[in-house]
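# Per-entry structural report
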Amino acid sequence: MTDTTGGGLSVAIIGAGFGGIAMGVRLVKAGITNFTIFDSWGDIGGTWLHNTYPGAAVDTPSHMYSFSFRRYDWPRRFATQAELLEYLKTTVKEWGLDEHLELNTEITGVHWDDRSRTHRVVDANGCEWTFNVVVSAVGILNVPAFPGWEGKDEFRGTVLHTARWDPAVDWSGKRVAVVGTGSSSAQVVPAMAPDAASLTVFMRQPVWVDEKDEHTFTREERRRYSTWWGYHRERYKVYLANERNWLGGRVAVPGSRVDRRATARCFAHMKRQIKDPALLRLMTPDGPYMAKRPVRSAEYLPALQRDNVKLVPRAVERFYEDGLIDSAGEKHPVDIVVTATGFRPAEYIFGIDVTGSNGADLHGVWGADPQAFLGVNYPGFPNFFMLLGPNSNYYAIVFNLERQADFVARILVRMQRSGSDVAEVKHTYFRVFNRWLSKRLARSSFATGESYFRSASGTVVTQWPEGAAPFWLLTRLLAIPSTRFTAARVRPARRPQTTNTRQSPQA
């Protein structure tokens, strides 16, 4: 744990997943060492600590889904949950972030004080800290979406969510239901089906299922990737293959050449793997490629055609004592229900009260439709930043987190050099950017389907539509021009003088 009573800016980072680690490393590189990384769980890893369900893995190639500053000996093209968690742990050790960690600490409040120009950070136990700057790195895959079906108390079996897996549950010889057909379902179904007595998959809407080149690297490939050039060449190759489709948002434009090519590729893949024409019809969407997040899998469709697996193309209505009842009223007896129902990504910074200048409440200002400048900051909330904030999610998540961490670090370095103690985004930059972004997203495929891309009002609040290169350019060029710096008394925020660096709740 870092003692932040010393000189310089003190920084609180909330979240110890990819984002929090990227921010911590970038601060170290910038020479800012007075920072603390908080996490509500007992270890680092974020979503890769929480999601331990059978088959959990990334669907972005490993060399792309990794930090630019941290090469790794990946054993396969798509890393598993355990491999990603180990990668993050070794990165933390290599960069000396261990001493900056404050685990088992659930931050529930971040409150700006106009007079002291500092943030008061509060945890669930009522303990408080004071920091000059706060960076939210909680991500968008941190709050599971638990179905609200009635009758759960009547059900005599076991209910699991893929993001809160119980490793003690044994599904061998059991009747299993998996609710959902997104990425988590596409991984858990092939993993559970061979040992289950039966497995029933409930599907409300079909999604495009794309190809996935599952490949364990040979010894020669791993040797080649062990060099700086070999590793980054593979990384750039994956990046360029994606960017050709994403640049200008072409893959997310309904009916565009890239969109048509992507849906044709998916349909060809599905047709090769699905033998039953009736099942193929059920599994084929009628919308554009990016109306919902496509599933990438080589194993999912074959698993759905096993003799012990059944697809129900209807939503679940409720529980009953022996299983689930679907929207047509049909009963499905099961022993275990797996809800692969994803997360609530549109509800940014869920569970944390954030107040800015004049006591403004961030969630109240946002309403149903969160916004930010490049997914990082919002006017009227000084010295408060986000990683993977509103409308900054796209195919290169780790790359994006590094770009945003660099954006924040550049602002903090300027604050220190200029003697400023307040930094916030200028209203003009925020308004112009979000006016353009809203128009762009309204015409995109993201706005055409029922998906996690959209808020309760139907507005697309999670996605960035233009690809990695424009995002890199904007974050690189606009960090300083878009920020209003206020020079005043330069004094580091004081931390409570307690042995455990916490201030206990007042009696």
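The rules behind these values
Residues numbered from 1 in each chain as written. Predicted model: local features only at pLDDT ≥ 70, side-chain atom pairs only at ≥ 80, totals over all residues. Heavy atoms only, no water. Helix = DSSP H or I, 4+ residues; strand = E, 2+ residues; numbered from the N terminus. Rg over C-alpha atoms; globule rule 2.2 N^0.38 Å. Buried < 20%, exposed > 50% of the residue type's maximum accessible area, 1.4 Å probe, protein only. Contact = heavy atoms within 4.5 Å. Areas by Shrake-Rupley, 256 points an atom, 1.4 Å probe, with all protein chains shown as cover. Lys, Arg positive; Asp, Glu negative; His and termini not counted. Charge placed at Lys NZ, Arg CZ, Asp CG, Glu CD. Pairing = 2+ DSSP bridges. Axes fitted to C-alpha atoms, helices over the stretch in contact; angles between N-to-C directions. pLDDT = per-residue confidence, 0-100. Polar contact = N/O pair within 3.5 Å; in protein donor to acceptor, adjacent residues only side chain to side chain. Patch = residues over 30% accessible without salt bridge, like charges linked within 9 Å, V, L, I, M, F, W, Y side chains within 5 Å. Salt bridge = Lys/Arg side-chain N within 4 Å of Asp/Glu carboxyl O. Core = buried A, V, L, I, M, F, W, Y, C linked by side-chain atoms within 4.5 Å. Phe/Tyr/Trp six-rings, centres within 6.5 Å; stacked < 30°, edge-to-face > 60°. Lys NZ or Arg CZ within 6 Å of the ring centre and 35° of its normal. Parallel < 35°, antiparallel > 145°, perpendicular 65-115°, else oblique. Left-handed = near helix turned anticlockwise from the far one by under 90°. Nonpolar A, V, L, I, M, F, W, Y, C, P; charged D, E, K, R; others polar.

With that settled, the discussion passes to the overall build of the protein. Counting secondary structure elements, the protein contains 13 helices and 21 strands. Relative to the globule expectation of 23 Å for 507 residues, the C-alpha radius of gyration of the protein, 23 Å, shows essentially globular dimensions. Expressed along its principal axes, the backbone C-alpha trace of the protein runs to roughly 70 × 55 × 50 Å. Residues counted as buried form 55% of the 507 residues belonging to the protein. Sequence separation of 24 or more characterises 72% of the internal contacts of the protein that already satisfy a separation of 6 or more. For the protein, the accessible surface area stands at approximately 21,300 Å², while carbon and sulfur atoms represent 50% of it. Positive and negative side-chain charges in the protein, numbering 62 and 51 respectively, have mean positions lying 8 Å apart.

With that settled, the discussion passes to the sheet that holds strand E14 (residues 316-320). Taken in spatial order, the 3 strands make up an open sheet running E14-E15-E16, and their pairing is antiparallel. Strand pairing shows two members of the sheet lacking a second neighbour, E14 and strand E16 (331-333), which therefore form its edges. With strand direction ignored, the average angle separating the axes of adjacent strands in the sheet is 25°.

Here the protein shows a mean pLDDT of 94. Residues at 70 or above account for 95%. Low pLDDT, under 50, characterises residues 1-6; the stretch is placed with 27 contacts to residues that sit more than four places away or in other chains. Scored below 50 in pLDDT, residues 490-507 shows 51 contacts in the model against residues more than four places distant or in partner chains.

Another aspect to go through is the side chain of asparagine 308. Along the chain, asparagine 308 turns up in the loop between helix H9 (300-304) and strand E13 (309-312). Side-chain polar atoms of asparagine 308 contact the backbone oxygen of alanine 193, separated by 2.9 Å. A polar side-chain atom of asparagine 308 sits 3.0 Å from the main-chain carbonyl oxygen of alanine 196. If near-sequence neighbours (up to four positions away) are discounted, asparagine 308 is found in contact with Ala193, Ala196, Ala197, Ser198 and Leu199.

Attention now goes to a nonpolar patch on the surface. Taken together, the side chains of Trp228, Trp229, Tyr236 and Leu240 present a nonpolar region at the surface, about 480 Å² in accessible area. Here tyrosine 236 lies in helix H6 (residues 228-246).

Below, the discussion takes up the pattern of salt bridges. Evaluation of the coordinates by the stated rule reveals 27 salt bridges. Across the pair glutamate 128 and arginine 120 runs a salt bridge whose closest N-O atoms are separated by 3.2 Å. When its relative accessible area of 24% is taken as the criterion, glutamate 128 is described as partly exposed. Three or more residues joined by partner-sharing salt bridges are found here, namely Arg77, Asp213, Glu234 and Lys237.

Turning next to the nonpolar core. For soluble globular proteins, nonpolar side chains are generally found buried alongside one another. One finds Phe18, Met283 and Leu412 to be the most contacted residues of the largest nonpolar core, which totals 136 residues. For this core, the element with the most residues is helix H11 (residues 397-418), which contributes 11 residues. Once residues within four sequence positions are removed from consideration, methionine 283 is found in contact with Met203, Pro206, Val207, Met270, Ile274, Tyr300, Leu301, Leu304 and Leu311. Grouped together as the second largest cluster of nonpolar side chains are 11 residues, Phe202, Val312, Leu324 and Val334 included.

Here we come to a positive patch on the surface. A cluster of like positive charges, contributed by Arg244, Arg250, Arg257, Arg260 and Arg261, occupies part of the molecular surface. Here the positive patch takes 3 residues from helix H7 (residues 257-273), the largest share from any one element. As for its position among the elements, arginine 257 is in helix H7.

The subject of this paragraph is helix H4 (residues 183-192). Most of H4 sits out of view: 8 of its 10 residues are buried. Buried within H4 are the following residues: Ser184, Ser185, Ala186, Gln187, Val188, Val189, Pro190 and Met192. Summarising the contacts, the buried residues of H4 are in contact with strand E9 (175-179), strand E10 (198-202), strand E12 (295-296), H9 and strand E17 (336-339).

Attention now moves to the pairing of E10. Across the 5 residues of E10, 4 count as buried, placing the element largely inside the fold. With 4 bridges joining them, E10 and E13 adopt parallel strand pairing. When the sheet's bridge partners are listed, threonine 200 is paired in E13 with lysine 310.

All right, on to the packing of aromatic side chains then. Taken as a whole and judged by the stated rule, the model has 33 aromatic pairs. Here the guanidinium or amino end of lysine 212 rests over the ring plane of phenylalanine 78, the centre of that ring lying 4.8 Å away. Over the ring of phenylalanine 399 we find arginine 403; its NZ or CZ atom is 4.7 Å from the centre of that ring.

Our next topic: the packing of helix H1 (residues 18-29) against H11. Here H1 crosses H11 at 40°, and the two axes come no closer than 9 Å. One way to sum up the angle between H1 and H11 is to call them oblique. Judged by the sense of rotation from one axis to the other, the crossing of H1 with H11 is right-handed. For the pair H1 and H11, the contacting residues are Phe18, Gly19, Ala22, Met23, Arg26 and Leu27 in the first and Val398, Leu401, Ala405, Asp406, Val408, Ala409, Arg410 and Leu412 in the second. Of the residues belonging to the contact of H1 with H11, the class tally is 10 nonpolar, 1 polar and 3 charged.

Turning our attention to the sheet that holds strand E6 (residues 128-131). Strands sit in the order E6-E5-E4-E18 across an open sheet of 4 strands; the sheet is mixed. Whereas interior strands pair on both sides, the edge strands pair on one side only; in this sheet they are E6 and strand E18 (353-355). Recorded for the sheet is a direction-independent mean angle of 15° between the axes of neighbouring strands. Relative to E6, strand E5 (residues 118-123) is paired through 4 bridges, and the arrangement is antiparallel. Bridging across to E6, histidine 119 finds its partner in phenylalanine 131.

Here we take up unusual backbone geometry. Within the chain, asparagine 104 stands out as a residue other than glycine whose phi angle is a positive 55°. With respect to the helices, strands and loops of the structure, asparagine 104 is situated in the loop between strand E3 (101-102) and strand E4 (107-113). When its relative accessible area of 54% is taken as the criterion, asparagine 104 is described as exposed. Phi is positive for asparagine 391, which is not a glycine, with a value near 55°. Note that asparagine 391 resides in the loop between strand E19 (384-386) and H11. Using a relative accessible area of 5% as the deciding quantity, one classes asparagine 391 as buried.

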